[in-house]
Amino acid sequence: MSVKIKEIKKESHPATDFYTMETHNMCLDKLKILDLNRYEDHWCFERYQCPRFTSPDENGNVILDYGISIK
């Protein structure tokens, strides 16, 4: 499943605001909205997939994949 959480424009990338607890919490909040339950003590990961992370799309956005283990 893929869910759009936050947009970061290339001119601010790699932005320090991209790598914050706020971003992590937005992902967890989105899981709650979708009625998905996270394994509390399981892993999360970030994936910097080329070219989605390294090359902006036509709107100047990049994608950081963020994985969370769900039940």
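Values in this document were obtained by computation on a predicted structure and should not be read as measured data.

A. Structural view of the overall build of the protein chain. When you go through the protein chain residue by residue, the secondary structure sums to one helix and two strands. Starting at the N terminus and walking to the C terminus, you meet the elements of the protein chain as α-β-β. Classification of the 71 residues of the protein chain by burial places 27% in the buried group. For the protein chain, long-range pairs separated by at least 24 residues make up 55% of all intrachain contacts whose partners lie at least 6 apart in sequence. A total accessible area of about 5,300 Å² is found for the protein chain, and carbon and sulfur atoms account for 52% of it.

B. Examining the confidence of the model for the protein chain more closely. On average, residues of the protein chain score 76 in pLDDT, and 75% of them reach the 70 mark or higher. At the level of individual helices and strands, the protein chain shows its lowest average pLDDT in strand S1 (residues 44-47), which scores 78, and its highest in helix H1 (residues 21-33), which scores 85.

C. Quick look at the environment of Leu64. Along the chain, the position of Leu64 falls in the loop between S1 and strand S2 (65-68). The class for Leu64 is buried, based on a relative accessible area of 16%.

D. Representation of unusual backbone geometry. With a phi close to 60°, Asp35 is a non-glycine residue in the positive phi region. Given a relative accessible area of 64%, Asp35 falls into the exposed group.

E. H1, seen in detail. Over its 13 residues, H1 extends 18 Å from the first C-alpha to the last, a length consistent with the 18 Å expected when each residue adds 1.5 Å. For H1, the set of buried residues is Thr23, His24, Cys27, Leu28 and Leu31. End-on, the buried residues of H1 take up no more than an arc of 140°, which puts them together on one face. Opposite the buried face of H1, at more than 90 degrees from it, the exposed residues are Met21, Lys32 and Ile33. Next to the buried residues of H1 lie S1 and S2. Asp35 sits one or two positions beyond H1 and adopts a positive phi of about 60°.

Conventions used here
- Residues numbered from 1 in each chain as written.
- Predicted model: local features only at pLDDT ≥ 70, side-chain atom pairs only at ≥ 80, totals over all residues.
- Heavy atoms only, no water.
- Helix = DSSP H or I, 4+ residues; strand = E, 2+ residues; numbered from the N terminus.
- Buried < 20%, exposed > 50% of the residue type's maximum accessible area, 1.4 Å probe, protein only.
- Contact = heavy atoms within 4.5 Å.
- Areas by Shrake-Rupley, 256 points an atom, 1.4 Å probe, with all protein chains shown as cover.
- pLDDT = per-residue confidence, 0-100.
- Expected span 1.5 Å × (residues − 1).
- Arc of directions from axis to C-beta.

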